[in-house]
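# Examination of the molecular architecture
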Amino acid sequence: MVAEMVANVLRVEVAEGATVAPGDTVVLLESMKMEIPVIAETGGVVSAVKVEAGDVVQEGDVLVQITLG
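As a starting point, this report considers the structure included with it. What you see is a predicted model, and the numbers here were worked out from it, not measured in a lab. (Residues numbered from 1 in each chain as written. Predicted model: local features only at pLDDT ≥ 70, side-chain atom pairs only at ≥ 80, totals over all residues. Heavy atoms only, no water.)

### Some words on the overall build of the protein chain
Quick reminder of the rule: Numbering of helices and strands runs from the N terminus, with a helix taken as a DSSP run of H or I at least four residues long and a strand as a DSSP run of E at least two residues long. Put simply, the radius of gyration uses C-alpha atoms, and a globule should come to 2.2 Å times the residue count raised to 0.38. Throughout, exposure labels follow a simple rule: accessible area from a 1.4 Å probe, protein chains only, divided by the maximum for the residue type, with under 20% read as buried, over 50% as exposed, and the rest as partly exposed. Contacts between residues were defined by any pair of non-hydrogen atoms, one from each residue, lying within 4.5 Å. For every accessible area listed, the method is Shrake-Rupley and the probe measures 1.4 Å; residues are considered covered only by the protein chains on display.
Scanning the protein chain for helices and strands turns up zero helices and seven strands. The helix and strand sequence of the protein chain, counted from the amino end, reads β-β-β-β-β-β-β. For a compact globule of 69 residues, the expected C-alpha radius of gyration is about 11 Å, and the protein chain comes in at 11 Å, within 12% of that figure. If one aligns the C-alpha atoms of the protein chain with their principal axes, the spans along those axes are about 35 × 20 × 20 Å. Scored against the burial criterion, the 69 residues of the protein chain give a buried share of 30%. Within the protein chain, counting contacts between residues at least 6 apart in sequence, those at least 24 apart form 52% of the total. As displayed, the protein chain offers around 4200 Å² of accessible surface, 52% of which is attributable to carbon and sulfur atoms.

### Comments concerning the pattern of salt bridges
Worth spelling out the cut-off: In what follows, salt bridge is the name for a side-chain nitrogen of Lys or Arg lying within 4 Å of a carboxyl oxygen of Asp or Glu.
Scanning the entire structure with this criterion turns up one salt bridge. With its nearest N and O atoms 2.7 Å apart, the salt bridge here joins Arg11 to Glu13. Accessibility expressed as a relative area gives 45% for Arg11, which makes it partly exposed.

Set out below in structure tokens:
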């Protein structure tokens, strides 16, 4: 999962090793006072979390890696 815009990370909703399903929120971003959920497109296991709350991300930055399960 990658950032689609410059934003602040409000919350990381998953941890490494967690199982996610399509549609699950994995990270909550904030940009221009709007909250933007980053949604898992596929199910699988979270293999890496690359951000933490308070980080500023740029467009294209990797947020979370999911290994297909």
